[in-house]
Amino acid sequence: MAWREEDGKRLAATVWRAGGGHRMISSAMLGGGIGPARWVLNAQVAGGYSRTDPVVHLEELARAHGLAGPGVGMLTAASVSRTVRRDDEGVSVSATVGLRVPTWAAAPAGIRDPELAPMHLDGAKPPLRATGETSPSWTPGTVNIVVAVPVPLSDAALVNAVVTATEAKTQALLEAGYPCTGTASDAICVAATTTGGAREPFAGPRSAWGSRIARAVHAAVHAGALDYAAYLEARQ
């Protein structure tokens, strides 16, 4: 965990220095896709973030943390200091959970999502909480998940791991009382070692490593969602 001053706020970031010998799959803006990576950065930004060059911003933050070579960089307006970590038989998961605008993945066409629009839009309303009430003010969002797996995974298994983690995330949010599949800006990174034997071909929820990924992601996101609800309740 590291801290910086930006936009008049004290903001946190989590930094993982995995070093060599890792392949990662990610939906992140910086370092997204599948390939070798040495580090992961999950950086908090202010709730009213308005920079139009987030990749450049992430590159600046990576340099500030002394991160060199290929890596994965994610941004979130959720409170990174409230990151939740859970482990399951060798799989480690960290999740930052902010649900300012809970969103269904399949939404009607033409519906403007406040998660992706300026907060001052005419007619914009505060988001619904899990209880159906409105929060007293706009609150940061995004669910970012980082998964570390201590065995090699094939390309197909890496993709499978993202699917498994996403399914477990949605299950956790629903069980925590949030009627959504996530937010419109969620990001994920799955990091697997490249040493220790042949690549695992599967990472579905009933496979050996996929089941561990599912349980760890579910536990982290569920705890984070409940923590977020408590955070909103305290603010109110």
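Before any of the text, the structure's been laid out above.
The paragraphs below set out a description of the structure included in this document. Being a predicted model, the structure only gives us computed values, none of them experimental.

1. Comments concerning the overall build of the protein chain
Line of reasoning, step 1. From N to C terminus, the protein chain includes 3 helices and 10 strands.
Line of reasoning, step 2. The N-to-C order of helical and strand elements in the protein chain reads β-β-β-β-β-α-β-β-β-β-α-β-α.
Line of reasoning, step 3. Counting across all 236 residues of the protein chain, residues that qualify as buried make up 48%.
Line of reasoning, step 4. The contacts in the protein chain between residues at least 6 apart in sequence include a share of 77% that link residues at least 24 apart.

2. Here's the deal with the sheet that holds strand β7 (residues 84-88)
Line of reasoning, step 1. The strand order across the open sheet built from 6 strands is β4-β3-β10-β9-β8-β7, with neighbouring strands paired in mixed fashion. Taken across any chain shown, the strands that pair with only one partner, and hence form the sheet edges, are β4 (33-36) and β7. Going across the sheet, the axis of each strand differs from the next one's by a mean of 15 degrees, ignoring polarity.
Line of reasoning, step 2. Both strand β3 (residues 22-26) and strand β10 (residues 187-193) contribute to a ladder of 5 bridges, which runs antiparallel. Across the sheet, the residue bridging to His22 is Thr193, located in β10.
Line of reasoning, step 3. Sheet contacts for helix α2 (residues 155-175): β3, β4, β9 (142-149) and β10; angle to β10, the most-contacted strand, approximately 135 degrees.
Line of reasoning, step 4. Its contacts with the sheet place helix α3 (residues 208-235) against β7, β8 (91-98) and β9, and it is angled at close to 30 degrees to β8.

3. Side note on the nonpolar core
Line of reasoning, step 1. Membership of the largest hydrophobic core comes to 38 residues, with the highest contact counts inside it found for Leu99, Ile145, Val147, Val149, Val190 and Val217.
Line of reasoning, step 2. Elements with a minimum of two residues in this core: β8, β9, α2, β10 and α3.
Line of reasoning, step 3. By residue number, the principal contributor to this core is α3, which donates 10 residues.
Line of reasoning, step 4. Counting 11 residues, the second-largest nonpolar core is a separate cluster that includes Ala13, Leu30, Trp39 and Ala62.

4. Some points on unusual backbone geometry
Line of reasoning, step 1. At Asp7, a residue that is not glycine, the phi angle is positive and equals roughly 55 degrees.
Line of reasoning, step 2. Positionally, Asp7 belongs in the loop between β1 (2-6) and β2 (9-17).
Line of reasoning, step 3. Phi is positive for Glu89, close to 50 degrees, though the residue is something other than glycine.
Line of reasoning, step 4. In this fold, Glu89 is placed in the loop between β7 and β8.
Line of reasoning, step 5. Given the relative accessible area of 53%, Glu89 is considered exposed.

5. So, the sheet that holds strand β6 (residues 71-76)
Line of reasoning, step 1. Pairing is mixed in the open sheet, where 4 strands are placed in the order β1-β2-β5-β6. The sheet terminates laterally at β1 and β6, the two strands that pair on one side only. Averaged over all neighbouring strand pairs, the angle between strand axes comes to 20 degrees, with direction disregarded.
Line of reasoning, step 2. Here strand β5 (residues 39-44) pairs with β6 via 6 bridges, running parallel.

6. Observations regarding the environment of Ala168
Line of reasoning, step 1. Along the chain, the position of Ala168 falls in helix α2.
Line of reasoning, step 2. Between the C-alpha atoms of Ala168 and Val217, which are 49 residues apart in sequence, the distance is 6.1 Å.
Line of reasoning, step 3. Not counting residues within four places of it along the chain, the set of residues in contact with Ala168 comprises Ala214, Val217 and His218.

7. Structural notes on the pattern of salt bridges
Line of reasoning, step 1. Throughout the structure, instances matching the rule amount to 10 salt bridges.
Line of reasoning, step 2. One salt bridge in this structure joins Asp88 and Arg215, with 3.0 Å as the shortest N-O distance. Of the two residues, Asp88 sits in strand β7 while Arg215 sits in helix α3, which places them 127 residues apart along the sequence.
Line of reasoning, step 3. Here Lys169 and Asp186 are joined by a salt bridge, their closest N and O atoms 2.8 Å apart. Pair noted here: Lys169 is in helix α2 and Asp186 is in the loop between α2 and β10, with a separation of 17 residues, a long-range link.

What counts and how
- Residues numbered from 1 in each chain as written.
- Predicted model: local features only at pLDDT ≥ 70, side-chain atom pairs only at ≥ 80, totals over all residues.
- Heavy atoms only, no water.
- Helix = DSSP H or I, 4+ residues; strand = E, 2+ residues; numbered from the N terminus.
- Buried < 20%, exposed > 50% of the residue type's maximum accessible area, 1.4 Å probe, protein only.
- Contact = heavy atoms within 4.5 Å.
- Pairing = 2+ DSSP bridges.
- Axes fitted to C-alpha atoms, helices over the stretch in contact; angles between N-to-C directions.
- Core = buried A, V, L, I, M, F, W, Y, C linked by side-chain atoms within 4.5 Å.
- Salt bridge = Lys/Arg side-chain N within 4 Å of Asp/Glu carboxyl O.

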